[in-house]
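Fold and contact review
Listed here are the chains, written in short residue letters.
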Amino acid sequence: MSAPLNTSHAGARPLGILAALPQELGDLIEAMRAESGVRTLTHGRRDYHLGTVHGTPCVVTLARVGKVAAATTVSALIHAFDVEAVVFTGVAGGVRGDVQVGDIVVASTLMQHDIDASPLFPRFEVPLLGMSRFAADAALAERLAAACEQFVAEEGAACAARFGTREPRVHRGLIVSGDQFVASAAAVAALRDALPDALAVEMEGAAIAQVCYEYGVPCAVVRTISDTADDHAPGSFVSFLTGIAGTYSNAILARFLGAQHTAG
Ligand code: ADE
């Protein structure tokens with residue numbers, strides 16, 4: 001095992017914040033730089049940015065795309081940076097019919113939609129763990145959802161007018177993850193059939209939730225809906241990611257971290 005990194009945060013254990021892609025983090029690292037300065041450590045080919053943002057000591061990093069990338073990164077946050085809890089922010093494809101582009105989903109549970117060791121184990125079950133669904137931390141998810149509701153109440157109408165989306169709704173429930181970008185009507189219909197309570201699909205959340213479960217670290221996941229995982233998904237994803245995702249992320253994280261700081 002490699003030596004632990006010197007990540008001292010003046011006593012307080014930091015919050016780990018991660019996203020897959022830079023656009024999904026918005027201006028978080030710049031905000032940290034302005035507030036406290038940033039110390040950047042490179043570990044396992046990733047940059048970890050340490051500092052205080054919106055009053056909360058944080059380690060901010062990019063997981064990159066997919067379950068392995070996410071599991072590797074969150075494992076480093078836990079073991080090398082001793083984070084107290086983990087929050088993942090980013091975009092997802094809407095799966096349930098009423099989850100539309102511009103909406104926000106806060107996970108209450110997460111599962112891998114593409115894990116299938118049947119007939120040896122039930123479809124969707126993580127072999128030898130005996131579980132398919134991993135719960136987000138209830139208190140953390142509650143605070144994240146409250147930040148989303150506050151954002152929608154304060155800026156939802158203006159956001160919708162600016163971006164030509166409908167006024168955002170906040171949903172809470174199951175997010176499913178897999179190593180596929182889901183981009184056809186047939187594929188999203190198959191997901192709906194197999195997992196009727198799935199709200200949204202992405203490529204990292206369930207891996208984060210599993211690792212956090214195994215190490216006893218609280219986690220929460222928030223996703224803004226960039227597409228509806230159908231044939232229009234690639235175009236919708238790219239324009240949402242480049243034009244809108246950062247605005248949502250900034251607005252939600254500012255409220256969440258501000259409240260976290262006051263609460264903690
Ligand atoms: N992230 C955003 N949209 C997605 C989709 N359609 N499939 C998988 N991950 C996504």
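One structure accompanies this document, and this report is about it. The residue numbering used here restarts from 1 in each chain and proceeds along that chain's sequence as written. Only residues with pLDDT of 70 or above have their local features reported here, since the model is predicted, and side-chain atom pairs are shown and tallied only from 80 upward, although totals for entire chains, interfaces and linings are computed over all residues. As a convention, hydrogens and water are excluded, and side-chain values are obtained from all of the structure's heavy atoms.

1. Brief notes about the pattern of salt bridges
Think of a salt bridge as a Lys or Arg side-chain nitrogen and an Asp or Glu carboxyl oxygen that are within 4 Å of each other. One pass over the structure, following the stated rule, counts 12 salt bridges. Between aspartate 98 and arginine 96 there is a salt bridge, with its nearest N and O atoms 2.7 Å apart. For glutamate 202, the salt bridge identified is with arginine 223, shortest N-O distance 3.0 Å. Remark: arginine 223 occurs in strand β10 (residues 219-227) and glutamate 202 occurs in strand β9 (residues 198-202); sequence separation between them is 21 residues. You'll find glutamate 202 and arginine 223 in the same group, each marked buried. Residues joined by salt bridges that share partners form a network here, namely Glu24, Glu202, Glu204 and Arg223. Working definition: helices are DSSP H or I runs of at least four residues, strands are E runs of at least two. Numbering for both runs from the N terminus. Exposure is judged per residue with a 1.4 Å probe applied to protein chains only, and the accessible area is read against the type maximum: over 50% gives exposed, under 20% gives buried, and values in between give partly exposed.

2. Brief notes about unusual backbone geometry
A cis amide bond, omega 5 degrees, links serine 118 with the succeeding residue proline 119. Summarising the element assignment, proline 119 is placed in the loop between β6 (104-112) and β7 (134-135). A positive phi angle is found at leucine 128, which is not glycine, with a value near 75 degrees. You will see that alanine 229, though not glycine, has its phi angle at about 60 degrees, which is positive.

3. Description of the environment of cysteine 159
With respect to the helices and strands, the residue cysteine 159 is situated in helix α3 (residues 138-163). Residue cysteine 159 is classed as buried on the basis of its relative accessible area, which comes to 4%. Note: C-alpha distance between cysteine 159 and isoleucine 244 (85 residues apart in sequence) is 9.0 Å. Excluding anything up to four places from it in sequence, cysteine 159 contacts Phe151, Thr165, Thr247 and Tyr248. Working rule for contacts: check all heavy atoms of both residues, and any pair within 4.5 Å makes them a contact.

4. Considerations on the side chain of aspartate 227
Position of aspartate 227 among the secondary structure elements: in strand β10. Buried charge without a partner: aspartate 227 forms no salt bridge, and the closest opposite charge is arginine 223, 9.5 Å away. Pairs of N or O atoms within 3.5 Å make up the polar contacts considered here, provided that, within protein, one atom can donate a hydrogen while the other can accept it, and that residues adjacent in sequence are counted only when both atoms are side-chain atoms. Of the polar contacts made by the side chain of aspartate 227, one reaches the side chain of serine 226; its length is 2.7 Å. Non-local contacts of aspartate 227, meaning those with residues more than four positions away in its chain, are made with Ala92, Gly93, Gly94, Val101, Phe181, Ala233, Ser236 and Phe237. Think of it this way: Lys and Arg go in the positive column, Asp and Glu in the negative one, and His and the chain ends go nowhere.

5. Considerations on the packing of helix α2 (residues 67-79) against helix α5 (residues 205-215)
The interhelical angle for the contact between α2 and α5, taken along N-to-C directions, is 35 degrees, at an axis separation of 8 Å. Handedness of the crossing formed by α2 with α5: right-handed. Counted together, Lys67, Ala70, Ala71, Val74, Ser75, Ile78 and His79 of α2 and Ala207, Ile208, Val211, Cys212 and Tyr215 of α5 form the full contact between these two elements. Gly falls in the polar group here, along with every residue not listed as nonpolar (Ala, Val, Leu, Ile, Met, Phe, Trp, Tyr, Cys, Pro) or charged (Asp, Glu, Lys, Arg). For the contact of α2 with α5, the per-class residue count stands at 9 nonpolar, 2 polar and 1 charged. To get an axis, a line is fitted to the C-alpha atoms, and for a helix only the part in contact is used. The angle between two axes follows their N-to-C directions and goes from 0 to 180 degrees. Each crossing gets its handedness from the near helix: less than a right angle anticlockwise from the far helix is left-handed, clockwise is right-handed.

6. Here we look at the pairing of strand β8 (residues 170-177)
Along any regular strand the residues' side chains alternate between the sheet's two faces. Where burial is concerned, most of β8 is hidden: 7 out of the 8 residues are buried. Note: β6 against β8, 8 bridges, orientation parallel. Looking at β8, one finds that glutamine 112 is bridged to serine 177. In this structure, β8 lies alongside β9, joined through 4 bridges in parallel fashion. Paired with serine 177 across the two strands is glutamate 202, which belongs to β9. One requirement defines pairing of two strands: DSSP has to find at least two bridges between them.

7. Things to note about helix α6 (residues 233-243)
Within the sequence span of α6, burial applies to Ala233, Phe237, Phe240 and Leu241. Viewed along the axis of α6, the buried residues span an arc of 100 degrees, placing them on a single side of the element. To be clear, the arc concerns the directions from the helix axis to the C-beta atoms.

8. Considering the site of the ligand
Put simply, a residue is near a molecule or strand once any heavy atom of it comes within 4 Å of that molecule or strand. Near the ligand lie 13 residues; those nearest to it are Gly93, Phe181, Val182, Glu202 and Asp227. Note that a nitrogen atom of the ligand is positioned 3.2 Å from one of the backbone N or O atoms of glycine 93. Taking valine 182, its main chain carries an N or O atom lying 2.8 Å from a nitrogen atom of the ligand. If the ligand stood free it would expose 260 Å²; the protein chains cover 96% of that surface. Listing elements by their share of the shell around the ligand, those giving two or more residues are β5 (85-94), β9 and β10. Counting residues per element, the shell around the ligand draws most heavily on β5, at 3 residues. Looking at the shell around the ligand residue by residue, the classes come out as 8 nonpolar, 3 polar and 2 charged. Residue exposure ignores everything except the shown protein chains as possible cover, and the areas themselves are Shrake-Rupley values with a 1.4 Å probe.

Scope: geometric values only; no functional claims are made or implied.
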